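A structural walkthrough
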Amino acid sequence: MIRLENIHKIYKMGENSVKALRGVSLNILCGDFLSIVGASGSGKTTLMNIIGCLDIPTSGRYIFDGEDITRIPSKRLALLRNQKIGFIFQNFNLLRRRTALENVEMPLIFRGVDRSTRKRSAIAALERVGLSDRMTHKPSQLSGGQQQRVAIARAIVGNPAVILADEPTGNLDTASGQDILKLLISLNRSGSTIVLITHDPAIASYSNRRISLSDGCIIFES
Ligand SMILES: Nc1ncnc2c1ncn2[C@@H]1O[C@H](COP(=O)(O)OP(=O)(O)OP(=O)(O)O)[C@@H](O)[C@H]1O
Ligand SMILES: [Mg+2]
């Protein structure tokens, strides 16, 4: 489903440049649960931003669902991102003034889905993450673990082909982190493709494939 070939990413900063990725090649298959581990600064988020079409590589080829991402116009790229990719971040990235339900509806608004369908889908997604009793709460009225579950509902509401999670348990206590992990595992069992970035080897051990990044290169794959 996802094919990265010899991906390089160089951040130019005036005179200096940072080689964040140096020749990464990777295939992600439908139904995979891939974890990406590596030290701080090794390029994990850079790689995820490229996989998630939030950023484009400096060189290399990226094929998503048979389409060469490095060659399509940015408008189409935004559409593809909205329809095929769900994101989960370490800091949840919820809209603070919106309720849980409104946050989950957001990707469908961008997609032009009508109001009643949107609401129905958002309710179903919140039920799936066990938050049917918190739909009208705003983020500040929810615990960290609950906020992350809202973010997961938002990621899955449009049935994306792949879910990308960057340190989703990084800001949570152990118990809430375990709940989030269980949720990701159950999504994977029901067919979702998941890419999970983590510092934690224990969390990585739940995935069925693991890559380890160091200094912008894959140094280990299992
Ligand atoms: N927008 C940017 N401009 C310049 N340099 C950047 C930018 N984003 C990242 N970098 C650099 O690229 C390298 C890889 O960063 P990246 O964020 O991918 O690391 P990471 O593995 O996600 O680290 P962490 O575990 O701390 O989140 C780092 O050296 C970082 O300083
Ligand atoms: Mg990072």
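Read on for an overview of the structure.

So, how was this worked out
- Residues numbered from 1 in each chain as written.
- Chains lettered and ligands numbered in written order.
- Predicted model: local features only at pLDDT ≥ 70, side-chain atom pairs only at ≥ 80, totals over all residues.
- Helix = DSSP H or I, 4+ residues; strand = E, 2+ residues; numbered from the N terminus.
- Rg over C-alpha atoms; globule rule 2.2 N^0.38 Å.
- Pairing = 2+ DSSP bridges.
- Core = buried A, V, L, I, M, F, W, Y, C linked by C-beta atoms within 7 Å.
- Buried ≥ 20, exposed ≤ 12 C-beta atoms within 10 Å, placed from the backbone.
- Near = placed C-beta within 6 Å.
- Nonpolar A, V, L, I, M, F, W, Y, C, P; charged D, E, K, R; others polar.
- Expected span 1.5 Å × (residues − 1).
- Contact = placed C-beta atoms within 7 Å.
- Axes fitted to C-alpha atoms, helices over the stretch in contact; angles between N-to-C directions.

Here we take up the overall build of the protein. Broken down by element type, the protein carries 7 helices and 10 strands. Here the C-alpha atoms of the protein give a radius of gyration of 17 Å, agreeing with the 17 Å that 2.2 N^0.38 yields for 222 residues. Taking the principal axes of the C-alpha coordinates as reference, the protein spans close to 50 × 40 × 35 Å.

Another point: the sheet that holds strand S4 (residues 59–64). Here we have 4 strands laid out as an open sheet, ordered S2-S1-S4-S5, and antiparallel in their pairing. Of all the strands in the sheet, just strand S2 (16–28) and strand S5 (67–68) have a single pairing partner and so form its edges. The pairing of strand S1 (residues 2–13) with S4 spans 5 bridges and is antiparallel. Note on S4: the bridge partner recorded for Leu 4 is Tyr 62.

Here the focus is the nonpolar core. Judged by nonpolar contacts, the single largest core of 58 residues is most densely connected at Val 104, Leu 126, Ala 153, Ile 163, Leu 164 and Val 195. Per-element accounting of this core gives the leading share, 6 residues, to helix H5 (residues 144–156).

Across 10 bridges, S1 lies against S2 in antiparallel orientation. Each bridged residue has a counterpart across the sheet, and for Ile 7 the counterpart in S2 is Val 24. Counting the residues between successive antiparallel strands, the hairpin from S1 to S2 contains 2 residues, one of them, Gly 14, with a positive phi of roughly 60°.

Around ligand 1 lies a shell formed by Tyr 11, Met 13, Val 18, Ala 20, Gly 38, Ser 40, Gly 41, Ser 42, Gly 43, Lys 44, Thr 45 and Thr 46. Contributions of two or more residues to the shell around ligand 1 are made by S1, S2 and helix H1 (44–51). Each residue belonging to the shell around ligand 1 can be placed in one class, and the counts come to 4 nonpolar, 7 polar and 1 charged.

To continue, consider unusual backbone geometry. At Cys 53, a position not held by glycine, the phi torsion is positive, near 60°. In this structure Cys 53 comes out as buried when scored by C-beta crowding, with 22 C-beta atoms within 10 Å. The phi dihedral of Asn 159 falls on the positive side, at around 50°, and the residue is not glycine. Relative to the elements of secondary structure, Asn 159 occurs in the loop between H5 and strand S7 (162–166). The class for Asn 159 is exposed, based on 12 C-beta atoms found within 10 Å.

On to helix H4 (residues 115–128), then. Residues separated by three or four positions in an α-helix point in the same direction, a consequence of the helix having 3.6 residues per turn. In this model, H4 (14 residues) spans 20 Å end to end at C-alpha, consistent with the 20 Å of a helix rising 1.5 Å per residue. The inward-facing, buried residues of H4 abut helix H3 (100–110) and H5. At the exit of H4 stands Gly 130, carrying a positive phi of roughly 75°.

This part covers the sheet that holds strand S9 (residues 209–214). With respect to topology, 6 strands assemble into an open sheet ordered S6-S7-S8-S3-S9-S10, the strand pairing being mixed. At either end of the open sheet lies a strand with only one pairing partner, and these are strand S6 (85–88) and strand S10 (217–221). Neighbour to neighbour, the strand axes of the sheet diverge by 20° on average, direction disregarded. Two elements, S6 and S7, share 4 bridges in a ladder whose sense is parallel. What sits directly across from Ile 88, in S7, is Ala 165. Docked against the sheet, helix H6 (residues 174–189) engages strand S3 (33–38), S7 and strand S8 (193–197), running at close to 150° with respect to S8.

Here we take up H1. Within H1, 6 of the 8 residues are buried, leaving the element largely enclosed by the surrounding structure. Within the span of H1, buried status applies to Lys 44, Thr 46, Leu 47, Met 48, Ile 50 and Ile 51. Where H1 terminates, the next one or two residues include Cys 53, which has phi positive at roughly 60°.

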